[in-house]
Structure formats: structure tokens, C-alpha cells
Amino acid sequence: MANLAPSGFLNISGSDLEYRMIGPAPDTAPTIVMLHEGLGSVGLWGDFPEQLQDTTGAGVFAYSRAGYGASSPVKLPRPLDYMHIEAQEVLPELLDVIGFRRGLFVGHSDGASIAAIYAGSHQDHRLQGIALIAPHFIVEDISVKSIAEIKTMYESTNLKERMARWHKDVDNAFYGWNGAWLDPKFRDWDISEYLAYIRVPIAILQGEADQYGTLRQAEIAKEECYCPVDVTVIPGAGHSPHREAPGATLKTIADFAEAALRTDQPQAA
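Just so we're clear, the structure is a prediction, and the values are computed from it rather than from any experiment.

Observations concerning empty space enclosed by the protein
A full pass over the atoms with the stated rule returns two cavities of 30 Å³ or more. The wall of the largest cavity is formed by Gly67, Tyr68, Gly69, Ser71, Ser72, Pro73, His167, Lys168, Asp169 and Ala173. By residue class, the composition of the lining of the largest cavity is three nonpolar, five polar and two charged. Reported here for the second largest cavity is a volume of approximately 30 Å³. Around the second largest cavity sit His36, Glu37, Gly40, Ser41, Leu44, Trp45, His108, His242 and Arg243, which together line it. When its residues are assigned to classes, the lining of the second largest cavity shows two nonpolar, five polar and two charged.

Dropping the structure here:
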């Protein structure tokens, strides 16, 4: 897509999705596509996209999925395969619309799971690596416990008011995510089958004190993947190491990007 403005909206799969494009456009340089967490948005990344662009020199494209940020709301309840829908229907269209030519995904939590599903179900030669921050490949007890606790907080504290800074329709964002994860049928959600089909390097970053997942997620990736999997545990960080330990997180992702995007590697047409 020519003349991608620094920010705006793109109509993808019938929804208006807010986005930011930092640095060079996809037709002139590699692009890092950022996929936010289950309660995230473009704004909630803070200045991490700018730091990533400045450090790597790549273009950085961040967007809010439908139901988040200033993007169109979604119909609730979300289907329990909502991450598959994002990875297999929405993301492919988005990449084509922005003119993605080559680059990486950086995904956080739900966004990391979406990145893994995409990479395992699309042999996309434009994609050269995926960096996964606190990914989920299966549902763990610790995840359900923390997600149930945050529902109580949402309904009994000022959490909703605080989240209004990042989301136009806070209930749509919160209950779309929370309702799916707390559905008893969601305990069977498992995307590990996609891992064996990923053909690009993977970097996994996990906060040492992640309250939503354990290192079992990284172990599953190492067991199932045939591609290189590099795991970094970020000391002193919880579920959002890019906010809680930005320096260490930035260095890990930037080093991974530098290796994955090296121009002396053979590129598929």
C-alpha cells in the first residue's frame, strides 16, 4: 500500500482498525508488525515501538485489533477460536493491505499466540522470525486463576476507569477477552499443533514472575518446534517485560531482529 500515513485507520475484514506506522514504510525496509496482548492496544505499547524502530532501523507497524483501542467493537461473546480468526483471516489481509514485504512479528500474550498460529499455518516467505513475549500455547491453571482475579478487580475497583485511557469501549475490550478465557470450554484450547510447522526462528521472552503463565509454555515450543527456539527469562519482570524491564526486553528483541533480518541471508522471491 503506497503512502501509508503515520497513523490512521484501515478497514480490514469489515472493521476499522487503528494503527501507527513508525519509521520507513514496508516497501522500503523490513517491517516489525506488533501484535498486542489480550487487553492491549496501539497506545498501551507506550514508546516501545519507537525504541524498537530506533534500535533496529526497521519500520514498526502497530495496530489495535477489533474490540480494542479506538478500533471497531466486536460482537460479544467472542468465539473461543478468536485468536485463530485473527491469525488466519484478519492478519493475512492486513499484511497485504500495508504492503508487507519482509520482516518480523513481535507479539505479546494473545498477540504472541496469534503470531504463532499465523507462522504455523502460513508458509509466508516474507516472514523471517517471530518474537513472542509471554506466549500461550495451552491454558494453564495460573492463567485462569489470574484472569478470574482480574475480573473481580474490574468489577470492584477503578480498573475500568484506568483502562478507559486505552480503549474506546472498555467493556467490549475486557469482556471479549475475559469471557473467552473463563469459559470452561476454553480449558481445551491448545495451539501446540501449529508449532511443528513454523519455519522461521523464534525468540521467546518470559518474565521471571509472570502471573499469567509459566516456563511450561517455552518448554512446549522447544519440544514441538523444528525451527530454532531461543528462550530468554527476564529477571524482575512479570507478564509485561517490555514495560517492566524495557532495557533487557528491547536488547533481546533487537538482537534477534538483527540476526533474523540480515540481508546476507538468502531471501525467497
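What to know about unusual backbone geometry
A cis amide bond links Leu76 with the next residue in sequence, Pro77, at an omega value of -5°. Tracing the backbone shows Pro77 in the loop between β4 (59–63) and α2 (82–98). For Ser109, which is not a glycine, the phi torsion comes out positive at approximately 60°. By secondary structure assignment, the location of Ser109 is in the loop between β5 (103–108) and α3 (110–121).

Side note on the packing of helix α4 (residues 141–156) against helix α6 (residues 170–182)
Contact pair α4 / α6: the axes reach a minimum separation of 10 Å and the direction vectors enclose 145°. Here α4 and α6 pass one another in a crossing that is left-handed. Facing Ser143, Val144, Ile147, Ala148, Ile150, Lys151, Tyr154 and Glu155 of α4, the residues of α6 in contact are Val170, Asp171, Phe174, Tyr175, Trp177, Asn178, Trp181 and Leu182.

Quick look at the packing of α2 against α3
Two numbers describe a pair of packed helices, the interaxial angle and the distance between the axes. Relative to each other, α2 and α3 sit at 70°, their axes nearing to 9 Å. Between α2 and α3, the angle is such that the two are roughly perpendicular. Considering only the axes of α2 and α3, their crossing is right-handed. Residues Tyr82, Met83, His84, Glu86, Ala87, Gln88, Leu91, Pro92 and Leu95 of α2 lie in contact with α3, whose contacting residues are Asp110, Ser113, Ile114, Ile117, Tyr118 and Ser121. For the contact of α2 with α3, the residue count by class is nine nonpolar, four polar and two charged.

Focus on the environment of Glu149
Its place among the elements puts Glu149 in helix α4. Here Glu149 falls in the partly exposed class, since its relative accessible area comes to 40%.

Definitions and limits used
Residues numbered from 1 in each chain as written. Predicted model: local features only at pLDDT ≥ 70, side-chain atom pairs only at ≥ 80, totals over all residues. Heavy atoms only, no water. 1 Å grid on protein atoms, 1.4 Å probe; cavity = no way out; pocket = protein on both sides within 12 Å on 5 of 7 lines; lining within 4 Å. Points joined across faces, edges and corners; volume = space filled by probe spheres on them. Nonpolar A, V, L, I, M, F, W, Y, C, P; charged D, E, K, R; others polar. Helix = DSSP H or I, 4+ residues; strand = E, 2+ residues; numbered from the N terminus. Axes fitted to C-alpha atoms, helices over the stretch in contact; angles between N-to-C directions. Left-handed = near helix turned anticlockwise from the far one by under 90°. Contact = heavy atoms within 4.5 Å. Parallel < 35°, antiparallel > 145°, perpendicular 65-115°, else oblique. Buried < 20%, exposed > 50% of the residue type's maximum accessible area, 1.4 Å probe, protein only.

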